[in-house]
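Structural overview
The chain contents come next:
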Amino acid sequence: MVIISASFLMIEANIAQLQQELPPSVTLVAVTKYAPIAAMSTAYRCGIRHFGESKVQATQEKRPQLQELPDVTWHLIGHLQRNKTRQALELFDWIHSIDRLSLAQELNRLIPLVGKSPKLCLQVKLAPDPDKFGWEPQQLQQELPELLKLNHLQIVGLMTILPQGTKGEDALAIFKRMLPLKADLEQKGLHLPHLSMGMSGDYREAIAAGATIVRIGSKIFT
Ligand SMILES: *Cc1c(COP(=O)(O)O)cnc(C)c1O
């Protein structure tokens, strides 16, 4: 019991610190992929209203257990397989991980059928990274005409994850590559008010480079 309440106190302290530190214009998505239900309830009591999950199935299991928390916004931040697209539409208010044209096309087909249209971010790789999903900027530019045809999609931003271990000035320099890309895509017809970037190890650099949404897990829950 003592251990459990101590960890609740840590969650509270971690959230309070972040709330103090983050500018009011930045939305904090608490990444709960490793957090049990009780920890999520604690986060909610501390003011968190945005939960980020990386898997459809885990969210299907968690959401019914958190029904008493009415005003939560659910964010999918992990790679979405084609066969989970319909469930993702039903579960999530935001999908940050639109990482390929075929997924965008499948969502565009399903949105009118399911009757839900979450806000979407296009996931881009600002530095080459074989371990990550997402568009290389050049590839995104090439496929943009196809994306612009998908008129059921509510594309509202860009998302990125840095290569593992990128820190400090290197992180800042890579995050800053988002700005010319965003400007260019907006000139070609997208409207991208949101930049979803920054995790526990690099959110300060992400905010310095213009992030509007940070996705933070371990700094809150461990
Ligand atoms: C897990 C995860 C996060 C949170 O990472 P932390 O380092 O625990 O803050 C953010 N974004 C994505 C896409 C993730 O998968």
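An account of the accompanying structure is given in this report. (Residues numbered from 1 in each chain as written. Predicted model: local features only at pLDDT ≥ 70, side-chain atom pairs only at ≥ 80, totals over all residues. Heavy atoms only, no water.)

Some details on the overall build of the chain
- Within the chain, the regular secondary structure consists of 10 helices and eight strands.
- The C-alpha radius of gyration computed for the chain amounts to 17 Å, which stays within 12% of the reference 17 Å derived for 222 residues, consistent with globular compactness.
- By its C-alpha atoms, the chain is 55 × 45 × 30 Å across when sized along the principal axes.
- For the chain, with 222 residues in total, the buried portion stands at 50%.
- Relative to all contacts within the chain whose residues are 6 or more apart in sequence, the contacts with residues 24 or more apart total 61%.
- A total accessible area of about 10,900 Å² is found for the chain, and carbon and sulfur atoms account for 54% of it. (Helix = DSSP H or I, 4+ residues; strand = E, 2+ residues; numbered from the N terminus. Rg over C-alpha atoms; globule rule 2.2 N^0.38 Å. Buried < 20%, exposed > 50% of the residue type's maximum accessible area, 1.4 Å probe, protein only. Contact = heavy atoms within 4.5 Å. Areas by Shrake-Rupley, 256 points an atom, 1.4 Å probe, with all protein chains shown as cover.)

Details of helix H5 (residues 101-114)
- For H5, with 14 residues, the first-to-last C-alpha span of 20 Å sits near the 20 Å given by 1.5 Å per residue.
- Along H5, the residues that are buried comprise Leu101, Leu103, Ala104, Glu106, Leu107, Asn108, Leu110, Ile111 and Val114.
- Buried residues belonging to H5 abut helix H4 (85-91), strand S4 (94-98), strand S5 (119-124) and helix H6 (137-148).
- Directly after H5, the chain includes Gly115, whose backbone phi takes a positive value near 80°. (Expected span 1.5 Å × (residues − 1).)

Thoughts on the layout of surface pockets
- In this structure, the largest pocket spans a volume of roughly 1,100 Å³.
- Lining the largest pocket we find 40 residues, and of these Lys33, Ser54, Ile77, Ile161 and Met199 sit closest to its centre.
- Of all elements in the fold, only helix H3 (56-62), strand S8 (213-216) and helix H10 (218-221) reach the threshold of two or more residues within the lining of the largest pocket.
- Surrounding the second largest pocket, Leu18, Gln19, Leu22, Pro23, Pro24, Val26, Thr27, Leu28, Gly47, Ile48, Arg49 and His50 form its lining.
- Going through the elements one at a time, helix H1 (2-21) and strand S1 (27-31) are the ones with two or more residues in the lining of the second largest pocket.
- Residues belonging to the lining of the second largest pocket are distributed by class as follows: seven nonpolar, four polar and one charged. (1 Å grid on protein atoms, 1.4 Å probe; cavity = no way out; pocket = protein on both sides within 12 Å on 5 of 7 lines; lining within 4 Å. Points joined across faces, edges and corners; volume = space filled by probe spheres on them. Nonpolar A, V, L, I, M, F, W, Y, C, P; charged D, E, K, R; others polar.)

A closer look at the site of the ligand
- Neighbouring residues of the ligand: Val31, Lys33, Ile77, Met159, Ile161, Met199, Ser200, Arg215, Ile216, Gly217 and Ser218.
- A distance of 2.6 Å is found between an oxygen atom of the ligand and a side-chain nitrogen or oxygen belonging to Lys33.
- In this structure, an oxygen atom belonging to the ligand sits 2.5 Å away from a side-chain N or O atom of Ser200.
- Protein coverage of the free-state accessible area of the ligand, which is 390 Å², stands at 83%.
- Comparing atom positions with the cavity grids shows the ligand to sit within the largest pocket.
- The class makeup of the residues in the shell around the ligand is six nonpolar, three polar and two charged. (Near = heavy atom within 4 Å. Polar contact = N/O pair within 3.5 Å; in protein donor to acceptor, adjacent residues only side chain to side chain. Sits in = over half its atoms within 2 Å of the grid points.)

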